[in-house]
Amino acid sequence: MSSAAGPDTATEPDRPAAKTGTFSSLKIRNYRLFATGAVISNTGTWMSRIAQDWLVLSITGSSFAVGITTALQFLPMLLFGLYGGVIADRYPKRKILLCTQAALGVLGLALATLTLSGVVQVWHVYAIAFLLGVVTVVDNPTRQTFVVEMVGPDVVRNAVSLNAANFQAARLVGPAVAGVLITAVGSGWAFLINGVSFLAPLTGLLLMRTSELHKIERAPRGKGQLREGLRYVAGKPELIWPIVLVGFIGTFGFNFPIWLSAFANKVFNSGAGTYGLFNTLMAAGSLIGALLAARRTRTRLRMLVTAALAFGLLELLASVAPTFWIFAVLLVPIGVFGLTFNTTANATVQLATDPVMRGRVMSLYMMVFVGGTPVGGPVMGWVTDTFGARVGFLSGGLVSAAGAVGVGIALARAGGLRLKVNLGAGRDRTSPPIVFVPRDPRPAQPAESAAPADGGGDGGDGAAPAGPAPDAASEAPEPGRAPQTGAGRAARDEGAPVDQGAPGADPTPSGSRLTSAA
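To continue, consider the nonpolar core. For soluble globular proteins, nonpolar side chains are generally found buried alongside one another. Counting residues in each nonpolar core, the largest one holds 81 residues, and the members touching the most others are Phe-278, Phe-327 and Ile-334. Here the element with the most residues in this core is helix α13 (residues 324–351); it accounts for nine residues. Within the second largest apolar cluster, 23 residues are counted, among which are Ala-35, Met-150, Val-155 and Leu-213.

Below you can see the structure in the form of structure tokens.
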């Protein structure tokens, strides 16, 4: 059964959120097929990633070379990422994915052939990494936005979180298996398994019932669509600031192939098995974070900034860990908060975006998240080679924490908020120690024009308590709906129509949007 998921049928931002279980999206057949194929190919992908990093390190002995490989894989996203979003918005997403997944499988098999035949050189790895990045330019935004077509807007938060859980569950298995294979028979077999694993998502896509996909309006062919997407994002603070934070952390905070391989090889004098163990421990934390995120019915900018700050501080702590096991244990909470940040940012951006613009917005999101790696990878690789693995990890944590603080301040100022510290919060357990309150409190408005105090009326788990001072805890808007505050909400509650305008047009001032979305 198909249903529209466009602006006219998106769920209201302020109505009570539907109760969802941790695995609600798996009740949908098309999504089950997608998830089953994804967990198999994701396992192969993680095996290939570990094998690729270790192969480059074993050929060159250089963390900088590992950084170059990672940079080349993500350089196409930086150069061409927005074009991938235009393609995702313009053409049927299922057909696009059939092409991209087949191409990824062929490239995996090509690297396996080169490695198993014994002729592989580092430039072969560089070339295939770049080609993988070219395919990913189209595959990534298409795969991200195809989720809404499979499950609809009501459970998209849950599906995004389950996608992350799927990816991290594969990360639990893939690195461990890759470590065993590399030690026993070499990297080539890991690449071979990865290439074959893409048969699973291709089968799932072919078995889907297209009649049950939610109908999403596709962008018509036209000029200026890239500029239109950029203007749309620039005009929405609830989109631009999360994407800025994603750019900081994606560029400097997620260079784990460089750091973990360097810690395993140079700090703890171990081999591929230890590198696989480090990745598995991070995956365990990430899986926990994904399952916790799947239970949430709200996405808040406050959670986004908090998770980013905790992630950066934990990286700082891990960089100075004195022993192997302290370092290894700290990788678990790093995984938890890193994944919490990822899923919160992804869901926040998708739900705040008009469906017809979603491909371009998500391509920009992915461009700054993974497209920053061509800058951050070589820089962090050079720092790690020159000053050591600990200094490299420390610098990534510093940049991540500073970015979280800076974006948090920017969001608060854009939303007309200030930080209030309740010194008596220890005695009064009903008051949080730190809250955001309006910078310039205004007198109460007349009943006929004032916005309802709906802080506790949204329903759902974790909704903010009602009160005169908003604490930046309202949820992000649903797909296709401009955030409604003030007179807009009052008009809606009284049955009057609210003009949503064209994509990107928003009748509310940016300060009001940020106050409700934070």
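The structure having been displayed, the exposition proceeds.
Okay, helix α4 (residues 122–151) next. With 30 residues, α4 extends 42 Å from end C-alpha to end C-alpha; this agrees with the ideal 44 Å at 1.5 Å per step. Most pronounced at Thr-136, the bend in α4 amounts to some 40 degrees. Of all the 30 residues making up α4, 22 are buried; the element is thus mostly covered by neighbouring parts of the structure.

On to the confidence of the model for the chain, then. Residues with a pLDDT of 70 or more make up 73% of the chain, whose mean pLDDT is 76. Every residue in residues 1–17 scores below 50 in pLDDT, and together they form 49 contacts with partners more than four places removed in sequence or on other chains. The model gives residues 447–513 a pLDDT under 50, and that stretch makes 139 contacts with residues more than four places away or in other chains.

With the rule as written, the count across this model stands at four salt bridges. One salt bridge in this structure joins Arg-209 and Glu-212, with 3.2 Å as the shortest N-O distance.

What follows deals with the packing of helix α11 (residues 272–294) against α13. Remark: α11 packs on α13, axes separated minimally by 7 Å, with the N-to-C direction vectors making an angle of 40 degrees. When the axis of α11 is compared with that of α13, the two are oblique. As α11 packs across α13, the resulting crossing turns out to be right-handed. Along the contact surface, α11 presents Thr-274, Leu-277, Phe-278, Leu-281, Met-282, Gly-285, Ser-286, Ile-288, Gly-289, Ala-290 and Ala-293, while α13 presents Phe-324, Phe-327, Ala-328, Leu-331, Val-332, Ile-334, Gly-335, Val-336, Leu-339, Thr-340 and Thr-343. Tallied by class, residues from the contact of α11 with α13 come to 15 nonpolar, seven polar and no charged.

Evaluation of the coordinates by the stated rule reveals 21 aromatic pairs. Measuring from ring centre to ring centre gives 5.2 Å for Trp-46 and Phe-167, while their planes differ by 50 degrees; the resulting arrangement is tilted. Of this pair, Trp-46 sits in helix α1 (residues 29–60) while Phe-167 sits in helix α5 (residues 156–184), and the two are 121 residues apart along the sequence. On the accessibility criterion, Trp-46 (7% relative accessible area) is buried. Taken together, a centroid distance of 5.2 Å and an interplanar angle of 80 degrees make the contact between Phe-268 and Phe-324 edge-to-face. Taken together, the residues span a long stretch of sequence, with Phe-268 in the loop between α10 (256–267) and α11 and Phe-324 in helix α13 at a distance of 56 residues. The class for Phe-268 is buried, based on a relative accessible area of 18%.

Calculation criteria
Residues numbered from 1 in each chain as written. Predicted model: local features only at pLDDT ≥ 70, side-chain atom pairs only at ≥ 80, totals over all residues. Heavy atoms only, no water. Core = buried A, V, L, I, M, F, W, Y, C linked by side-chain atoms within 4.5 Å. Buried < 20%, exposed > 50% of the residue type's maximum accessible area, 1.4 Å probe, protein only. Helix = DSSP H or I, 4+ residues; strand = E, 2+ residues; numbered from the N terminus. Expected span 1.5 Å × (residues − 1). Bend = angle between axes of the 7 residues up to and from the residue. pLDDT = per-residue confidence, 0-100. Contact = heavy atoms within 4.5 Å. Salt bridge = Lys/Arg side-chain N within 4 Å of Asp/Glu carboxyl O. Axes fitted to C-alpha atoms, helices over the stretch in contact; angles between N-to-C directions. Parallel < 35°, antiparallel > 145°, perpendicular 65-115°, else oblique. Left-handed = near helix turned anticlockwise from the far one by under 90°. Nonpolar A, V, L, I, M, F, W, Y, C, P; charged D, E, K, R; others polar. Phe/Tyr/Trp six-rings, centres within 6.5 Å; stacked < 30°, edge-to-face > 60°.

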